[in-house]
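One letter stands for each residue in the lines below.
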Amino acid sequence: MIRSALGFAAVAAVIIGGASMFSVDQTEQAIVTQFGQPVRVITQPGLNFKIPFIQQVISLERRILDLESASIEAITSDQKRLVVDAFARYRIENPLRFFQATAGSTVRGNQQLGTFMDAALRRVLGESTFQLVVRDDRGGLMAKIRDQVNGEAAALGVSIVDIRIRRADLPDQNSQAVFRRMQTERQREAAELRAQGTEISERIKAQAERTATVTRAEAERFARETLGRGEAERTRLLADAHNRSPEFFTFHRSLQAYENGLKSGDTKLVITPDSNFFRYFNSPTGKPAGAN
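Thresholds, definitions, all that
- Residues numbered from 1 in each chain as written.
- Predicted model: local features only at pLDDT ≥ 70, side-chain atom pairs only at ≥ 80, totals over all residues.
- Heavy atoms only, no water.
- Helix = DSSP H or I, 4+ residues; strand = E, 2+ residues; numbered from the N terminus.
- Buried < 20%, exposed > 50% of the residue type's maximum accessible area, 1.4 Å probe, protein only.
- Contact = heavy atoms within 4.5 Å.
- Axes fitted to C-alpha atoms, helices over the stretch in contact; angles between N-to-C directions.
- Parallel < 35°, antiparallel > 145°, perpendicular 65-115°, else oblique.
- Nonpolar A, V, L, I, M, F, W, Y, C, P; charged D, E, K, R; others polar.
- Expected span 1.5 Å × (residues − 1).
- Polar contact = N/O pair within 3.5 Å; in protein donor to acceptor, adjacent residues only side chain to side chain.
- Pairing = 2+ DSSP bridges.
- Arc of directions from axis to C-beta.

1. A few points about the overall build of the protein chain
Helix and strand counts for the protein chain come out as 8 helices and 9 strands. Counting only residues that meet the buried cut, the protein chain has 23% of its 292 residues in that class. Considering only contacts in the protein chain between residues 6 or more positions apart, those separated by 24 or more positions represent 62%.

Written as structure tokens, this is what we have:
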């Protein structure tokens, strides 16, 4: 009987001892509650003790947690509607405050943080223009949103590590309207460029034609002047030859006439042998026989 009681007591001691011990991992922090009320916060890893069956241990993450926000619509200061998809990274800095605000539920904490983040997104984007959000100052806007959310998240015992906008687009109907407007603008720019190109082309062609006309006129004038000078020189040389030796000049011109007039072909001459045309055939001097 005594042995049975001792065995029962040993088993009970083991059970109670096992129920009174718990360990906290390096990636965790814990809150010990008694009847639902927090009595101790454990932030260091290791083996710890609690009152078995009375106290409970709630583990919370020490690592950075993710918060995915649902897509929301925001209106910028220049009245552009945006569909914004953002996410956040946060860490539980004050486990006791987080437990008191969310009853230790990460899901409930995400819901409250999501509300804070959506409100901050709408406020900051509502004070900014579409161009700042999409292109020029997204980093500065993210820092402003993070600071605003941090101010509200302090009540939950968490700190925001980073907030990013994954996507910021126009709604579908607005996107189609913007696309059509951009397409029309590009078509107008293309038409202007084509018109400018046609104008430049016509100007270049007109300039080329004008230059060609002037060049041809100059060439024709130079050719006529050169031909005139050649004809004048030819006439001068012929006159000089005639003045130096009229008889030889006459003989030379007659030989040229024979060459041109007596070529083989269809040309026929009907002329008497004693014609003046053949006078050099009858006399080397071109004079009739017996003449001095």
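2. A look at the packing of helix H2 (residues 95-102) against helix H3 (residues 106-126)
Packing of H2 against H3 leaves a shortest axis separation of 9 Å and a crossing angle of 85°. Between H2 and H3, the angle falls in the class roughly perpendicular. Contact residues: Phe 98, Ala 101 and Thr 102 in H2; Thr 106, Arg 108, Gly 109 and Gln 112 in H3. The residue makeup of the contact of H2 with H3, split by class, is 2 nonpolar, 4 polar and 1 charged.

3. Side note on the environment of Thr 102
Note on placement: Thr 102 falls in helix H2. Counting along the chain gives 55 residues from Thr 102 to Gly 157, while the straight-line C-alpha distance between them is 9.9 Å. Apart from the residues within four sequence positions on either side, Thr 102 is in contact with Arg 108, Gly 109, Gln 112 and Leu 156.

4. Some points on H3
Helix length check: H3 (21 residues) gives 30 Å between terminal C-alpha atoms against 30 Å at 1.5 Å per residue, within 8%. Along H3, the residues that are buried comprise Gly 109, Leu 113, Gly 114, Met 117, Asp 118, Ala 120, Leu 121, Val 124 and Leu 125.

5. Here's the deal with the side chain of Gln 29
When you line up the elements, Gln 29 lands in strand S2 (residues 28-34). Here Glu 61 takes part through its backbone oxygen, which lies 3.2 Å from a polar atom of the side chain of Gln 29. Within the structure, Gln 29 has its side chain in polar contact with the backbone oxygen of Ile 92 (distance 3.1 Å). Those residues within four positions of Gln 29 in sequence are excluded, and the remaining contacts are Val 24, Ile 42, Thr 43, Ile 58, Ser 59, Leu 60, Glu 61, Arg 62, Ile 92 and Pro 95.

6. Concerning the pairing of strand S8 (residues 81-92)
Of all 12 residues that make up S8, 9 are buried, and the element is covered over most of its length. Bridge count for strand S6 (residues 65-68) against S8 is 4 bridges, and the pairing is antiparallel. Directly across from Glu 68, in S8, lies its bridge partner Phe 87. Two elements, strand S7 (residues 72-75) and S8, share 4 bridges in a ladder whose sense is antiparallel. Bridged to Ile 75 within S8 is Arg 81. Where S8 and strand S9 (residues 158-169) come together, 10 bridges link them in antiparallel fashion.

7. What to know about the pairing of S2
Extensive coverage of S2 is indicated by the burial of 5 of its 7 residues. Across 7 bridges, S2 lies against strand S5 (residues 55-61) in antiparallel orientation. The residue bridging Val 32 from the neighbouring strand is Val 57, located in S5. Hairpin connection from S2 to strand S3 (residues 37-42): 2 residues lie between these consecutive antiparallel strands, with Phe 35 at a positive phi of about 55°.

8. Here we look at unusual backbone geometry
With a phi angle near 65°, Gln 79 is a residue other than glycine that sits in the positive phi range. Looking at the element boundaries, Gln 79 is found in the loop between S7 and S8. Note on Gln 79: relative accessible area 61%, which makes it exposed. In this structure, Ala 103 is a non-glycine residue whose phi angle is positive, near 60°. Tracing the chain through its elements places Ala 103 in the loop between H2 and H3.

9. Observations regarding H2
Here H2 has its buried residues at Pro 95, Phe 98, Phe 99 and Thr 102. The buried residues of H2 all sit within an arc of 100° when viewed along its axis, so they share a single face. As for H2, its buried residues are in contact with S2, S3, S5, S8, H3 and S9. The first or second residue beyond H2 is Ala 103, which carries a positive phi of 60°.

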